[in-house]
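Remarks on the overall topology
The chain contents come next:
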Amino acid sequence: MAMIEIQGLKKSFGKLEVLKNISFTVERGDVVAIIGSSGSGKSTILRCLINLEQIDGGTVTVDGEPMIEDGRYVPPAEVKKITAKMGMVFQSFNLFPHMTVRQNLMMPAMTVKKMPKGEALEECIKLLDKVGLADKIDAYPSKLSGGQKQRVEIARSLMMKPEIILFDEPTSALDPELTGEVLAVMKQLAQEHMTMIVVTHEMAFAREVANKVLFMHDGEILESGTPEQIFGNPQEVRTREFLRSIF
Amino acid sequence: MNLEHIWKLTQPLLMGAQTTILLFLIVILLSLPLGFVFTAMVRSRFRVVRLIGNAYINLMRGTPLLLQLFFIYFGLPILPVIGPYLKFGRFTAACIGFVLNYAAYFAEIYRGGLLAIDKGQYEACKVLGLSKAQTTLKVILPQMIRVALPSLANESITLVKDTSLLYAVSVPEVLHYAKLAVSREMTTVPFILAAIIYLLMVLLLTFFFRKVEKKFSFK
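Treat the numbers as computed from the prediction; the structure is a model and nothing was measured.

What counts, and where the lines are drawn
- Residues numbered from 1 in each chain as written.
- Chains lettered and ligands numbered in written order.
- Predicted model: local features only at pLDDT ≥ 70, side-chain atom pairs only at ≥ 80, totals over all residues.
- Heavy atoms only, no water.
- Helix = DSSP H or I, 4+ residues; strand = E, 2+ residues; numbered from the N terminus.
- Contact = heavy atoms within 4.5 Å.
- Areas by Shrake-Rupley, 256 points an atom, 1.4 Å probe, with all protein chains shown as cover.
- UniProt positions renumbered as here; feature names shortened; annotations may be inferred.
- Pairing = 2+ DSSP bridges.
- Axes fitted to C-alpha atoms, helices over the stretch in contact; angles between N-to-C directions.
- Buried < 20%, exposed > 50% of the residue type's maximum accessible area, 1.4 Å probe, protein only.

1. Considerations on the overall build of chain B
Counting secondary structure elements, chain B contains 8 helices and 0 strands. The N-to-C order of helical and strand elements in chain B reads α-α-α-α-α-α-α-α. Once local pairs closer than 6 in sequence are excluded, the contacts in chain B between residues at least 24 apart make up 75%. Surface summary for chain B: the accessible area is close to 12,300 Å², and the carbon and sulfur share equals 70%.

As structure tokens, then:
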């Protein structure tokens, strides 16, 4: 059974059609990279999936459970249950500035998942260790570099034990020398078979880590396939043009 | 003028200061939360509620506090029909006027604080599954307060000095006793003493807010 199935997804902002007719499937353990120029609708797909944007049409099924059927959402409580299977990492790493790293990780897990404090702390330490920031547990976000913030953000979303993580340009706001540490954590997650959808401009990462690449242009998926197909032998003129402009 | 005389002049002023401090505390304790209510109103989904909230804030900020105090103490009791039920003691009337007035200012300060919060904070909360109430309580309010603190401090200092308006509804406070002593003894010393008392209260308040701001700096 597919982890995520999207059929004919449509989304407009006013008169502007941002997503025209998006269909794709994500299998468990897939790492899907969505590439394409700015404004092509990449981020909007993720935002629709996790219900930060309302869609205008289409069907979305997550882990066998329908979230949207032909443009109609299931009841809000069900939507919430389904989106809880997904975590999201934002470009602008939205850590809570008034909480230490520890509180950032523990508060949502304890509040939403009712995780007991002891367990939450144990999990928090484990995950900070995993992203290489165990020594920052009591630091406030203002004391962290961009790369460190993004790694904390990843750890925070892992606290909620998601089945899928959506990455919305996770390295775009970082200085070039800081992208490596974040990509390394993501690569590790991929090796652990976390299902991931990554909107990215990091072509090397997409090529190396993803097993599926979607090329978007103007609200449509113009081409999709394995990284070898997309990067090695792109069929569409637009894809070739885009890749040429990047490399 | 010797020290003993100065102390004698200071004593009634300190008595007046008690009234000032009492009014200050009552107004702060009641208007800070009431301000939230008006902030919530002007941000409401419902147009009518927004309209009422905005009208209230504009009215309170757009007319002098002294006029409001006069209205509540002298004006309300002579209204037809309901007047007799709206007769308050001097101090109570003053408290009502101050609380209603300051709540409007605090509401605007909170609103400013909320505007400063990035929309990414709300999105992160939603993605993590926090409810609206949890988001407000655990994430938005603490950040809003940090942004609002300097303005809240400023407004509180204004409040200390505004308490001298009690003079207008004949509640004896610092200024009242100072003026009495000045006319009685033909010396400006009581005015200077009153100034020192206000200054000390404001400095204490400033020090207090510095401490709170430090606590809310999140570093």
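2. Notes on the UniProt feature "transmembrane region" (unreviewed entry) in chain B
Within the UniProt annotation, "transmembrane region" (unreviewed entry) is assigned to residues 20–42, 63–82, 88–107 and 189–209 of chain B. Between the C-alpha atoms that bound residues 63–82 of chain B the distance is 23 Å, and the span itself is 55% helix and 0% strand.

3. Concerning the side chain of Gln143 of chain B
With respect to the helices and strands, Gln143 of chain B occurs in helix 6 (residues 132–162). Gln143 of chain B has contacts with Pro97 and His98 of chain A together with Ile117 and Gln121 of chain B, leaving out every residue within four places of it along the chain.

4. Brief notes about the sheet that holds strand 11 (residues 220–225) of chain A
Each strand in a sheet pairs with another by means of backbone hydrogen bonds, the pair being arranged parallel or else antiparallel. Residues and elements named next belong to chain A. Reading across from one edge, 7-8-9-3-10-11 is the order of the 6 strands in this open sheet, with mixed pairing throughout. Here the strands that pair on one side only, and so sit at the sheet edges, are strand 7 (86–89) and strand 11. Shown here is a sheet whose adjacent strand axes are inclined to one another by a mean of 20°, direction ignored.

5. A closer look at the environment of Phe98 of chain B
All names here are of chain B. Its place among the elements puts Phe98 in helix 4 (residues 90–115). Assessed through its relative accessible area of 0%, Phe98 is described here as buried. Taking the C-alpha atoms as reference points, Phe98 and Leu32, separated by 66 residues in sequence, lie 12 Å from one another. Excluding residues within four positions of it along the chain, Phe98 makes contact with Leu23, Val27, Leu65, Leu69, Leu159, Asp162, Thr163 and Leu165.

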